[in-house]
Amino acid sequence: MSPPPARHPAPAFDVFNVYFERIYDPTMHVIFSLDGEVDAGAMRGATLRLVASDPYLRSRFAEVDGRPVWEEIPEEEWGRAFTLVGAGDDEPLATPPPPLDVRSGPQVRVGLYRRGEGDIVAVTCHHGFCDAAGALTLAKELFTAYRGVMDDPGFTPTPRAPYERSTERVLALYSEEEQKQALAEEEPFVDRWRFPIERSGRGTPRVARRTLAPERLRSIKALGREHGATVNDVLIAAFFLALQKIRDDPSDREEPRSLLTSADLRRRYPGLYDDAPFTNLSIAYEVTLSAGEGARLEDIIGQVTALTTRRKEGNLGLATILFYEEIMAGRMPAVQAFFDEMIERYEASGQKNPVFSNLGIFCPDDYLPVPGKDGSMLGILDIQYLPCACWPYGFLMIASTFRDRLTLATAYEEGPYSTAVVERFLEYVDGYLP
């Protein structure tokens, strides 16, 4: 009888991001457009050796005896981590690559798309395994391993021992009294509206995005300085006004309406998780605003800035951690009951606050140099991030910046959502930005 596979605890943030599959597909993709051809054999070798080097990458999510774990899978199953996609197949920027099965593993899939004008490399992972920052770190490590294999066919990344993935390190920074106060001061999320839908149910995954010229980002920054706001504040304001406009519902005017936005705990606690590169450390918080008919960006930017500033000055994320940990104390039945209640509430009310997340600046130097198949060094033409695909009642828009070009993007399921409405919404966001 063979011994059981190695298993490592799956913390609360992992578990909840796995179970969010009930309201969206937690698969995420980082897409690199290159100006030439990479060595497919070296890229495959780099992928498999990267999987071998990390105990969580080479695992699947499982529930064993009612306990969530990352369970290591046999080496013969690691091959699912790489796929070569021939010319003529769907572009990953038009239709998202297939979902990643978190329960099968491994926890990365590298898709190499052959194109005459240059290869596309898609690095795919699951939000149950890591957040957006973790996905970008995973892509960095992939290209580092690829360079290593190109320089030395015997190269292997430095192996990692199992590392702490939970938020215990954050909790250890706060006293019991501070934790109690954070929970007492946190207001519960209230769903007050939703993005317009055609019907409920599932559809066909699609991606919509809009990229703005560099001068637009300069104008956004200038407006922010004028109002004491960050770029993120300006984007939140434009997102809110575009939601109000696309809904065209008189009941929204001058009434409190909410959206969720995210924050990365790595920035909040620099250095605390340097030894845990692939972790879930993003939290969400609610932004509640109100605006009248015909409101402009300048009319609500003060509301946004005051709210985000107050949040940053407090114990941002602490209440979220405590909330998840409290549910996890009831083990998996409590988690399942939480999601059952959430779905029932959405279906009964038809309301689900939309989500906005700014992923920040994608720096090409983080991934260069990229050796080409013929020995030349390849350039990175673009880096795009495809977010989790939503169906009703969820809706998510992200922002990212590459070489001063700001991209707004959403992934959604067509049918329940109208592509024409989604495209018009992005046009509205664009229109509110300076």
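Data block above holds the structure.
How each quantity is defined
- Residues numbered from 1 in each chain as written.
- Predicted model: local features only at pLDDT ≥ 70, side-chain atom pairs only at ≥ 80, totals over all residues.
- Heavy atoms only, no water.
- Helix = DSSP H or I, 4+ residues; strand = E, 2+ residues; numbered from the N terminus.
- Rg over C-alpha atoms; globule rule 2.2 N^0.38 Å.
- Buried < 20%, exposed > 50% of the residue type's maximum accessible area, 1.4 Å probe, protein only.
- Contact = heavy atoms within 4.5 Å.
- Areas by Shrake-Rupley, 256 points an atom, 1.4 Å probe, with all protein chains shown as cover.
- Lys, Arg positive; Asp, Glu negative; His and termini not counted.
- Charge placed at Lys NZ, Arg CZ, Asp CG, Glu CD.
- Pairing = 2+ DSSP bridges.
- Axes fitted to C-alpha atoms, helices over the stretch in contact; angles between N-to-C directions.
- Salt bridge = Lys/Arg side-chain N within 4 Å of Asp/Glu carboxyl O.

Q: Give me the lowdown on the overall build of the protein, citing residues and values where you can.
A: In terms of regular secondary structure, the protein is built from 12 helices and 18 strands. Computed over C-alpha atoms, the radius of gyration of the protein comes to 22 Å, within 12% of the 22 Å expected from 2.2 N^0.38 for 434 residues, which places it in the range of a compact globule. Here the C-alpha coordinates of the protein stretch approximately 65 × 50 × 40 Å along the principal axes. Taken across its 434 residues, the protein has 56% of its residues classed as buried. The long-range share in the protein, meaning contacts at least 24 apart out of those at least 6 apart in sequence, stands at 80%. Entry remark: accessible area of the protein is about 18200 Å², with carbon and sulfur atoms responsible for 49%. Taking the 47 positively charged and 66 negatively charged side chains of the protein as two groups, their mean positions are separated by 2 Å.

Q: Describe the sheet that holds strand S4 (residues 59-64), and please don't skip the residues or the numbers.
A: The strand order S1-S5-S4 describes an open sheet built from three strands, whose pairing is antiparallel. A single partner strand is all that each edge strand has here, and the edge strands are strand S1 (7-9) and S4. On average, each strand axis in the sheet is inclined to that of its neighbour by 40°, with strand direction left out of account. Pairing geometry for S1 and strand S5 (residues 67-72), over three bridges, is antiparallel.

Q: Describe in detail the environment of Val-149, supporting the description with residues and values.
A: Among the secondary structure elements, Val-149 is positioned in helix H3 (residues 132-151). Exposure remark for Val-149: the relative accessible area of 10% places this residue in the buried category. With 99 residues separating them in the primary sequence, Val-149 and Asp-248 have C-alpha atoms 55 Å apart. With residues up to four places along the chain from it excluded, the contact list for Val-149 reads Ala-42, Ala-46, Arg-49 and Phe-155.

Q: Could you give an account of the pairing of S5, with specific residues and numbers?
A: Consecutive side chains of a regular strand alternate in pointing toward one face of the sheet and then the other. The element S5 is largely enclosed, with a buried count of five among its six residues. Of the pairings in the sheet, the one linking S4 to S5 comprises six bridges and is antiparallel in character. Within the sheet, the bridge partner assigned to Val-64 lies in S5 and is Arg-67. Between S4 and S5, which pair antiparallel in sequence order, lie two residues; one of them, Asp-65, sits at a positive phi of approximately 55°.

Q: Go over the pattern of salt bridges with me, naming the residues and quoting the values.
A: Under the criterion given, the structure shown has 30 salt bridges. Note that Arg-253 and Asp-248 form a salt bridge whose closest N and O atoms lie 3.4 Å from each other. In this structure Arg-253 comes out as partly exposed when scored by relative accessible area, which is 26%. Ionic pairing is found between Arg-405 and Asp-382, a salt bridge with its closest N-O pair at 3.8 Å. In this pair, Arg-405 sits in strand S18 (residues 405-414) while Asp-382 sits in strand S15 (residues 380-386), placing the two residues 23 residues apart along the sequence. Exposure remark for Asp-382: the relative accessible area of 18% places this residue in the buried category. One connected set of salt bridges, linked through shared partners, spans Glu-37, Arg-114, Asp-119 and Lys-373.

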